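Chain residues, written in single-letter form:
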Amino acid sequence: MAGAITDDRRSADDGRQGRPLIVTEDVDLLDDLLRLCAAAGARPEVHHGVPEGRGRWEAAPLVLVGDDAARRLRGAVRRRGVVLIGKDQDDSGVWQRAVQIGADHVLMLPDGEQWLVDRIADVAEGVGRPALTVGVIGGRGGAGASTLACALAVTSARQGRRTLLVDADPLGGGLDVLLGGENAEGLRWPAFAASRGRVGGGALEESLPELHSLRVLSWDRGDAVAVPPQAVRAVLAAGRRRGGAVVVDLPRRIDEGVAEALAQIDIGLLVVPAELRAVAAASRVASAFGMVLRDLRVAARGPYAPGLDDQDIARLLGLPLAGEVPAEPDPHDAAKPPGGIPRGPLARFCEGFWERVAVGSEAA
């Protein structure tokens, strides 16, 4: 059980890396907390009361206080990031003690273990603002969604952002192939099929192939492996915690795994060729994905059929227009991946997109 006493806005200390502070004399509780810190990849400091060193109490990014030690902390300086931890579910007095020491949360073990591991891991990783996450969907087969997804990721990395490109379509052939890195060392989706709970963001990043200054999570060329929805959720959440940008190449169908990915996407781009049949097909895709994505936009791709332009496509689909996706010479040149020509038309489109959404996210 975990309960909030105050709102959970982060202080300046919460966002930087550091060692959590444990305050308790309860040996059994200390063993539990040390175990949870180890699971989260953190090395804590342990004290029986307020640390004597100047500023150490205030500087710790997270303080885990055993209920046995609450009375010794009543005179301590009030600060954010204090969690009071107990084991007696029937002790109503724990809330009063939490208020007395200015705790943000009250947590009971073992019920609150996963919440606490997540909070400790955030501290260990120095979690800040999550990555802006963009999902790309084809309005019909062969619409060019994978090409646009790669171009967006390549452009983002070239602009200096930490960038992760995720291939969420196991039947798409692998984005690492499109980037010319099918033989690059690193893990693919099947390696994460057994993931449960929390995946470390740093460990994920280091384990993936690095191509064109970005990290790529794609599929291998072996037999198809089903990745459970909870693994999709955990892996994508780990990538987002690292900040920067995450680009997800989505299939045109929604299953449980895709639904988990959609839940973490900020902006969706629906790539629609400028043909009436393509618009008709895209309307069905838009209807399905629009029920999940709050921000779904049209990326029109020429050449245009007579009497049809990008504004018409957006109007027919009832969606805002992200722009016209231009063609690029030699789109499958491994040495020059999609968006790899810095002054090429596709790169310029992607650069303009990132500039617009960056301004929008700052305003939000």
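Note that the structure is predicted; figures quoted are calculated from it, not measured.

A. Broad picture of the side chain of D249. Looking at where D249 falls in the secondary structure, it is placed in strand 11 (residues 245-250). No salt bridge is formed by the buried D249, whose closest oppositely charged neighbour, R252, lies at an N-O distance of 9.6 Å. Side chain to side chain, D249 and S146 meet in a polar contact 2.6 Å long. Each residue touching D249, except ones within four places of it in the same chain, is listed here: V136, A145, S146, A149, V166, D167, A168, D169 and L175.

B. Region of the structure containing the confidence of the model for the protein. Looking at the protein, pLDDT values average 88 and 91% of them are 70 or higher. A low-confidence stretch, residues 1-17 (pLDDT under 50), is modelled with 47 contacts involving residues beyond four sequence positions or located in other chains.

C. Summary view of unusual backbone geometry. Put simply, L109 and P110 share a cis peptide bond, and its omega is 10 degrees. Among the secondary structure elements, P110 is positioned in the loop between strand 6 (105-108) and helix 4 (113-125). The omega torsion across G302 and P303 is 5 degrees, close enough to zero to call that bond cis. As for its position among the elements, P303 is in the loop between strand 13 (296-301) and helix 11 (310-317). Phi at H212 takes a positive value of approximately 55 degrees, unusual for a residue other than glycine. Along the polypeptide, H212 turns up in the loop between strand 9 (210-211) and strand 10 (214-217). Among the residues examined, H212 registers a relative accessible area of 31% and is labelled partly exposed. One non-glycine residue, S213, lies in positive phi territory at about 70 degrees. We classify S213 as exposed; its relative accessible area is 55%.

D. Just the nonpolar core, in detail. Ranked by size, the top nonpolar core spans 42 residues in total, and within it W189, L250, L270, I313 and L317 carry the most contacts. When residues of this core are traced back to their parent elements, those giving at least two are strand 8 (163-167), helix 8 (229-241), strand 11, helix 9 (256-262), strand 12 (267-273), helix 10 (276-290), strand 13 and helix 11. The element that contributes the greatest number of residues to this core is helix 8, accounting for 6 residues. Look past the residues within four positions of L250 in its chain and what remains in contact with it is G135, V136, I137, A168, V258, A261, L262, I265 and F289. By size, the runner-up hydrophobic cluster in this structure holds 34 residues, among which are L152, A245, I267 and L269.

E. Structural view of the packing of helix 1 (residues 27-39) against helix 4. Two numbers describe how helix 1 lies on helix 4: the axes approach to 8 Å, and their chain directions differ by 55 degrees. The angle between helix 1 and helix 4 places the two elements in the oblique class. Here the hand of the crossing between helix 1 and helix 4 comes out right-handed. On helix 4, the residues that touch L33, R35, L36 and C37 of helix 1 are E113, L116, V117 and I120.

Scoring rules and cut-offs
- Residues numbered from 1 in each chain as written.
- Predicted model: local features only at pLDDT ≥ 70, side-chain atom pairs only at ≥ 80, totals over all residues.
- Heavy atoms only, no water.
- Helix = DSSP H or I, 4+ residues; strand = E, 2+ residues; numbered from the N terminus.
- Buried < 20%, exposed > 50% of the residue type's maximum accessible area, 1.4 Å probe, protein only.
- Lys, Arg positive; Asp, Glu negative; His and termini not counted.
- Salt bridge = Lys/Arg side-chain N within 4 Å of Asp/Glu carboxyl O.
- Polar contact = N/O pair within 3.5 Å; in protein donor to acceptor, adjacent residues only side chain to side chain.
- Contact = heavy atoms within 4.5 Å.
- pLDDT = per-residue confidence, 0-100.
- Core = buried A, V, L, I, M, F, W, Y, C linked by side-chain atoms within 4.5 Å.
- Axes fitted to C-alpha atoms, helices over the stretch in contact; angles between N-to-C directions.
- Parallel < 35°, antiparallel > 145°, perpendicular 65-115°, else oblique.
- Left-handed = near helix turned anticlockwise from the far one by under 90°.

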